[in-house]
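Descriptive structure summary
Chain by chain, the residues:
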Protein chains: 6
Amino acid sequence: MILYLVVLFVNGEFCKDPIKVKADDFFFSGLNKPGNTSNQVRAAVTAVNVANLPGLNTLGISMARIDFEPKGLNPPHEHPRAAEILLVLKGTLEVGFITSNPDNRLFAKILHEGDVFVVPFGLIHFQYNVGKGDAVAIAALTSQNPGVITIGNAVFGSKPPINDDILKIAFQIDNKLVDYHLQSRIWPDYIRN
Amino acid sequence: MILYLVVLFVNGEFCKDPIKVKADDFFFSGLNKPGNTSNQVRAAVTAVNVANLPGLNTLGISMARIDFEPKGLNPPHEHPRAAEILLVLKGTLEVGFITSNPDNRLFAKILHEGDVFVVPFGLIHFQYNVGKGDAVAIAALTSQNPGVITIGNAVFGSKPPINDDILKIAFQIDNKLVDYHLQSRIWPDYIRN
Amino acid sequence: MILYLVVLFVNGEFCKDPIKVKADDFFFSGLNKPGNTSNQVRAAVTAVNVANLPGLNTLGISMARIDFEPKGLNPPHEHPRAAEILLVLKGTLEVGFITSNPDNRLFAKILHEGDVFVVPFGLIHFQYNVGKGDAVAIAALTSQNPGVITIGNAVFGSKPPINDDILKIAFQIDNKLVDYHLQSRIWPDYIRN
Amino acid sequence: MILYLVVLFVNGEFCKDPIKVKADDFFFSGLNKPGNTSNQVRAAVTAVNVANLPGLNTLGISMARIDFEPKGLNPPHEHPRAAEILLVLKGTLEVGFITSNPDNRLFAKILHEGDVFVVPFGLIHFQYNVGKGDAVAIAALTSQNPGVITIGNAVFGSKPPINDDILKIAFQIDNKLVDYHLQSRIWPDYIRN
Amino acid sequence: MILYLVVLFVNGEFCKDPIKVKADDFFFSGLNKPGNTSNQVRAAVTAVNVANLPGLNTLGISMARIDFEPKGLNPPHEHPRAAEILLVLKGTLEVGFITSNPDNRLFAKILHEGDVFVVPFGLIHFQYNVGKGDAVAIAALTSQNPGVITIGNAVFGSKPPINDDILKIAFQIDNKLVDYHLQSRIWPDYIRN
Amino acid sequence: MILYLVVLFVNGEFCKDPIKVKADDFFFSGLNKPGNTSNQVRAAVTAVNVANLPGLNTLGISMARIDFEPKGLNPPHEHPRAAEILLVLKGTLEVGFITSNPDNRLFAKILHEGDVFVVPFGLIHFQYNVGKGDAVAIAALTSQNPGVITIGNAVFGSKPPINDDILKIAFQIDNKLVDYHLQSRIWPDYIRN
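So, how was this worked out
Residues numbered from 1 in each chain as written. Chains lettered and ligands numbered in written order. Predicted model: local features only at pLDDT ≥ 70, side-chain atom pairs only at ≥ 80, totals over all residues. Heavy atoms only, no water. Helix = DSSP H or I, 4+ residues; strand = E, 2+ residues; numbered from the N terminus. Buried < 20%, exposed > 50% of the residue type's maximum accessible area, 1.4 Å probe, protein only. Contact = heavy atoms within 4.5 Å. Lys, Arg positive; Asp, Glu negative; His and termini not counted. Charge placed at Lys NZ, Arg CZ, Asp CG, Glu CD. Core = buried A, V, L, I, M, F, W, Y, C linked by side-chain atoms within 4.5 Å. Pairing = 2+ DSSP bridges. Axes fitted to C-alpha atoms, helices over the stretch in contact; angles between N-to-C directions. Phe/Tyr/Trp six-rings, centres within 6.5 Å; stacked < 30°, edge-to-face > 60°. UniProt positions renumbered as here; feature names shortened; annotations may be inferred. Buried area = accessible area lost by both parts, 1.4 Å probe. Salt bridge = Lys/Arg side-chain N within 4 Å of Asp/Glu carboxyl O. Polar contact = N/O pair within 3.5 Å; in protein donor to acceptor, adjacent residues only side chain to side chain. Nonpolar A, V, L, I, M, F, W, Y, C, P; charged D, E, K, R; others polar. Least-squares fit on C-alpha atoms with pLDDT ≥ 70 in both.

Turning our eyes to something else, we now look at the overall build of chain A. Scanning chain A from terminus to terminus reveals four helices and 12 strands. Projected onto the principal axes, the alpha-carbon positions of chain A cover approximately 65 × 40 × 35 Å. For chain A, with 193 residues in total, the buried portion stands at 64%. The long-range share in chain A, meaning contacts at least 24 apart out of those at least 6 apart in sequence, stands at 70%. Both charge centroids of chain A, one from 17 positive and one from 18 negative side chains, sit 4 Å from each other.

Written out as structure tokens, the structure is:
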């Protein structure tokens, strides 16, 4: 199916019989439903990308709904292949991104309903529910397969784990913290496709 | 300001003193407010792009809120520099896009709250409120300056107008229809930046 | 064959045995012959793109010959994936394109033999023979598969047709015109690959 | 003027007053006139690119007319930033391009009026008039500033000249040939913008 | 100077007098000298990019030399705008990168002199000297301004600091660790341009 | 294997079971060994690109080691799909590139250990060992499959050969030189993948 879609709309060769493509290939349903926030970060990401919406292939865009309980956090993460624009549909979020070395400036902002915030390509960013009720946001990303690298999950929860010595030097923390705490915890699994 | 932003995050040269960039350059407020739908098409587009959100510059993405009264229509249009992903926040929309010659297939779909629909680059598409109440949708586009070409406005409402003979042949319609109706009407102005 | 070509010249992996590629894969013959203009618009487009010239694959360019009888029209259309440069080989053409909302400015010009005109990405444009004899033009486009969306064919001749209500609102025209005229006519089929 | 054009049609910020752009910025005149072939190669290239047609800026395309006397040659050259599609308007041309190491295959073809030939990005290619009369071709290139590197002019006619030792080793030729012949000749100046 | 370079070699308009560009604009000297590794991570990055080698502008590439004392670490970091290819000139390095959620797979490898390793766009990666002597590597990156985001510096050393609550939830660590250790330490400044 | 890699890290669809990708797909060994310079140009290029390092696929970068005996020459050549950054590891090299018509300026420089030089896209360039001992350089290129077109090999050593008449006119040289010398010699085969 995806092959057909690519052929129809992209700079490839014509497809002689693209008759099997249908409107449903450009359709996804269910972004009105909150994700399951029963996890360590009290937040949930519901992603709509080329894996569940084949018509996005080659179009360079995707979307996600993010739900937050009070004090829910979309933890510091980065998209290796995308910039992001975020719209708050409900609640109050503290959002921010950090620039590259050497400045590592934090650009942060409190967002309310109807507010929009932008994150440049590949920068580490987060959203945190600082309001009293639940919060909901919609993000659009500049790739049909943007990728998500949650910093904690990648650095302390990789499989296999990163060599202890590396983490100890990198974060100036001791063996015990690395081994018994950071690398032995279950890192949150809060993203659904 | 924009110059600074480009320099900070893009593949250009470093800026020695980008100290004037601030979080507000990546922020826009007001997308929770309905647009003014008191016009011929009973619909309103509120666009958030590089013209009112400078931090989008070079990031290749923008956003829009679209409001519809009952029977409100975002009329057939195309974005010369962007593909689109659309999310229905409220109401029921009939949406569709038409493929290139020679097939000119219409891919259409009725969307409800939480449904998502995709439009490939440059194709003519529309959204029409077929529900009983108001409808609201959020669109994200793959350009910080996607452009909107409303077919009626461009073909029949250009300034100066297109030569009558051309329109008569192109649409097989008579002089009277072209002159006294199509080219003399006020084409809807329903997009706000 | 196309697969081989891609592998030979593009940023993919080497092909161990691309021996089957031959000069004819980069060759097309027949653009000296006028297209058949016996149709409603008295014009004919003969397109040379990746569908009939496989060597164009991945190169981002294609070509077309356009023939016009007197009063022949290449009707308002847009290329969803390409900008265009047009050269008049013979005759006198009125050409133009219309910019995006809100200005919808028409940039038009009378062209004679040897004149060149440019159309930016995705804008609606046309060429009309205003001379006494036949006219011929050569266009080059920035995609090996640029697509052509003839406005009339797409908006009024799609399969299935667009909902009448949408067309009536969009163009402020009545049912009768939509149903008995615009949607029941045979839209011109003037493009050959 | 160019600045305005960029702002109007590209993914940059809106321009508040692009009123100075006019149709003539998208127009070039004179490609019906043969170039001056009174030179060593009996050929002439008349180039239409962003230097003399500002509306091409950011559009990634340009055009050229090439005139040939009998035995006229557009000598081996390459475009560092473009692929090419060539159409013969008149006469008979031997054309060819050579692939990369290690194969260095020559793909050559005799073209007649109406024939089209394609040259992938950056490959060395040539056109040679093997017919009895004059020949004319139109080329389109995938850049508004494609560049032309004529091999002889660059290797043997650079300013300052390349060190003799390098040329002697590279081409296994002797000092005398390099100094008194190749580097002392006037290399053809056959391209006009 | 940079402006001239851009104009000379890129798809912009011709420059009438680019005479001021000189060979030195494409030249950088000093990558034979070890960086100063007297810092917390016992490693040093000497970067050659558009900031100190203007001729790189628009070319999409840059280079760096990385020096390591024994147990020296180029700590986990990512390039928001670049992929990387790394060559070991001397010594023995443990290198690795981690893939996106949900797998977070670590791809690691011990490299010796003459070994090459690749890191895809935006992924977190590191190099650690596990040999007995000093080590040296050369990296090339796919941007003239790739950016470096050292994870520790960005997450725990940003200016201003990220809200404690966010870090506590994200890394499941306590206030004391965040405030008195991670956020109060001086994060390494080991990169020179 | 390559297919898996593409799917994992690029903007394509997710791969459900990319479990076969392994660290070795991102690894190449042996760039510490000199290439065999026993050839006409006394130089050798050892290329590391997508053909022998599959993890480079889609990443737009590759690397090469170049060895030179005294008076060894990497002869005038161009990369049809890449710009280049070169680092001298050992010895003294005369390097240069030539700009496009009409100026054909030679930008040349003597490089020593630790010096870096840049070559824009598609320009003809060379490196020549003007020192007393051997020389070694590392080049990085902006494509995983940059291509190498050695001017002599392509122009005088193509298979089949270019028509004599073309070479005689292009280089103003006589039949004898073309037939008995340039086209009958064995052009150097100095590049290994």
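F171(A), F171(B), F171(C), F171(D), F171(E) and F171(F) are the most contacted members of the largest nonpolar core, which totals 366 residues. Setting aside anything within four residues of it in sequence, one finds F171(C) in contact with I151(B), G152(B), F156(B), H181(B), L182(B), R185(B), W187(B), V155(C) and F156(C).

So, about the sheet that holds strand 4 (residues 73–78) of chain A. With antiparallel pairing, the five strands of this open sheet are ordered in space as 7-6-9-4-11 (chain A). The sheet terminates laterally at strand 7 (106–111) and strand 11 (149–150) of chain A, the two strands that pair on one side only. The sheet contact formed by strand 4 of chain A and strand 9 (residues 124–129) of chain A spans three bridges and is antiparallel. For L73(A), the partnering residue across the bridge sits in strand 9 of chain A and is Y128(A). Packed on one face of the sheet, helix 3 (residues 164–171) of chain E meets strand 4, strand 6 (93–98) and strand 9 of chain A and runs near 80 degrees to strand 4 of chain A.

The next subject is the packing of aromatic side chains. Residue and element names in this part refer to chain A. Scanning the model with the defined rule gives 48 aromatic pairs over all chains in all. Ring geometry for F156 and W187: centres 5.9 Å apart, planes at 15 degrees, overall stacked. Here W187 lies in the loop between helix 4 (175–182) and strand 12 (191–192) and F156 lies in helix 2 (residues 151–156), a separation of 31 residues in the sequence. Of the two residues, F156 and W187, both sit in the buried class.

This part covers the UniProt feature "binding site: Mn(2+)" (unreviewed entry) in chain A. Residue and element names in this part refer to chain A. Here, the residues flagged by UniProt with the feature "binding site: Mn(2+)" (unreviewed entry) are H77, H79, E84 and H125. These annotated residues cover 49 residues of sequence, and their C-alpha atoms all fall within 12.0 Å of one another, placing them together at a single site. As for its placement among the helices and strands, H79 is situated in the loop between strand 4 and strand 5 (84–90). What makes H79 buried here is its relative accessible area of 5%.

In this structure chain C stays clear of chain E, and the shortest span between their C-alpha atoms is 14 Å. Left apart from each other, chain B and chain F have a closest C-alpha approach of 14 Å.

Before going further, it helps to spend a moment on the interface of chain C and chain B. A common way to state how big an interface is: give the accessible area lost once the parts meet. Taken residue by residue, the interface counts 54 residues in chain C and 53 residues in chain B. For the pair chain C and chain B, the summed buried area comes to about 4300 Å², and 64% of that belongs to carbon and sulfur atoms. Where chain C touches chain B, the interface holds zero salt bridges. Linking chain C to chain B there are 14 residue pairs in polar contact (both at pLDDT 80 or more). Elements represented by at least two residues in the side of chain C that touches chain B include exactly strand 4 (73–78), strand 6 (93–98), strand 9 (124–129), strand 11 (149–150), helix 2 (151–156), helix 3 (164–171) and helix 4 (175–182) of chain C. Per-element accounting of the side of chain C that touches chain B gives the leading share, six residues, to helix 2 of chain C. Tallied by class, residues from the side of chain C that touches chain B come to 32 nonpolar, 14 polar and eight charged.

Our next topic: the relation of the copies chain A and chain B. Taken as rigid bodies, chain A and chain B are interconverted by a rotation of 180 degrees and an axial shift of 0.0 Å, the fit giving an RMSD of 0.0 Å. On this basis, the relationship between the two copies can be described by a two-fold rotation axis. Take the interface residues of chain A: 100% of them recur as interface residues in chain B, which is what a same-surface contact looks like.

Let us look at the interface of chain A and chain B. Listed per partner, the contact involves 48 residues of chain A and 48 residues of chain B. Both faces combined, the contact of chain A with chain B buries some 3800 Å², and carbon together with sulfur accounts for 76% of it. Counting every contact that joins chain A to chain B gives two salt bridges. Its salt-bridge partner being D24(B), residue K109(A) comes within 2.1 Å of it at the nearest N-O pair. The interface formed by chain A and chain B includes 16 residue pairs in polar contact (both at pLDDT 80 or more). Where the side of chain A that touches chain B is concerned, the elements lending two or more residues are strand 1 (27–28), strand 3 (62–68), strand 5, strand 7, strand 8 (116–119) and strand 10 (135–141) of chain A. Bridge count between strand 1 of chain A and strand 8 (residues 116–119) of chain B: two bridges; the pairing is antiparallel.

Attention shifts here to the sheet that holds strand 9 (residues 124–129) of chain F. The strand order 7-6-9-4-11 (chain F) describes an open sheet built from five strands, whose pairing is antiparallel. Looking at which strands have only one partner, the edges of the open sheet turn out to be strand 7 (106–111) and strand 11 (149–150) of chain F.

Moving on to the UniProt feature "binding site: oxalate" (unreviewed entry) in chain A. Residue and element names in this part refer to chain A. The UniProt record annotates "binding site: oxalate" (unreviewed entry) at N74, H79 and E84. Structurally, N74 can be placed in strand 4. Residue classification places N74 among the buried residues on the basis of a relative accessible area of 3%. In this structure, N74 is in contact with A43, V45, I66, F68, F126, Q127 and Y190, ignoring residues within four places of it in sequence. Setting aside chain neighbours within four positions, we find H79 in contact with E84, G122, H125, L141, P146, G147 and V148. Side-chain polar atoms of H79 contact the side chain of E84, separated by 3.0 Å.

Among the six residues in strand 9 (residues 124–129) of chain B, six count as buried, and that is most of the element. Both faces of strand 9 of chain B are covered, namely the face carrying I124(B), F126(B) and Y128(B) and the face carrying H125(B), Q127(B) and N129(B).

Right, let's get into the side chain of T150(D). By secondary structure assignment, the location of T150(D) is in strand 11 (residues 149–150). T150(D) gets classed as buried once you look at its relative accessible area, which sits at 2%. Within the structure, the side chain of T150(D) is placed 2.7 Å from the side chain of Y190(D), a separation counted as a polar contact. If sequence neighbours within four positions are ignored, T150(D) has contacts with P75(D), P76(D), H77(D), Y190(D), I191(D) and N101(F).

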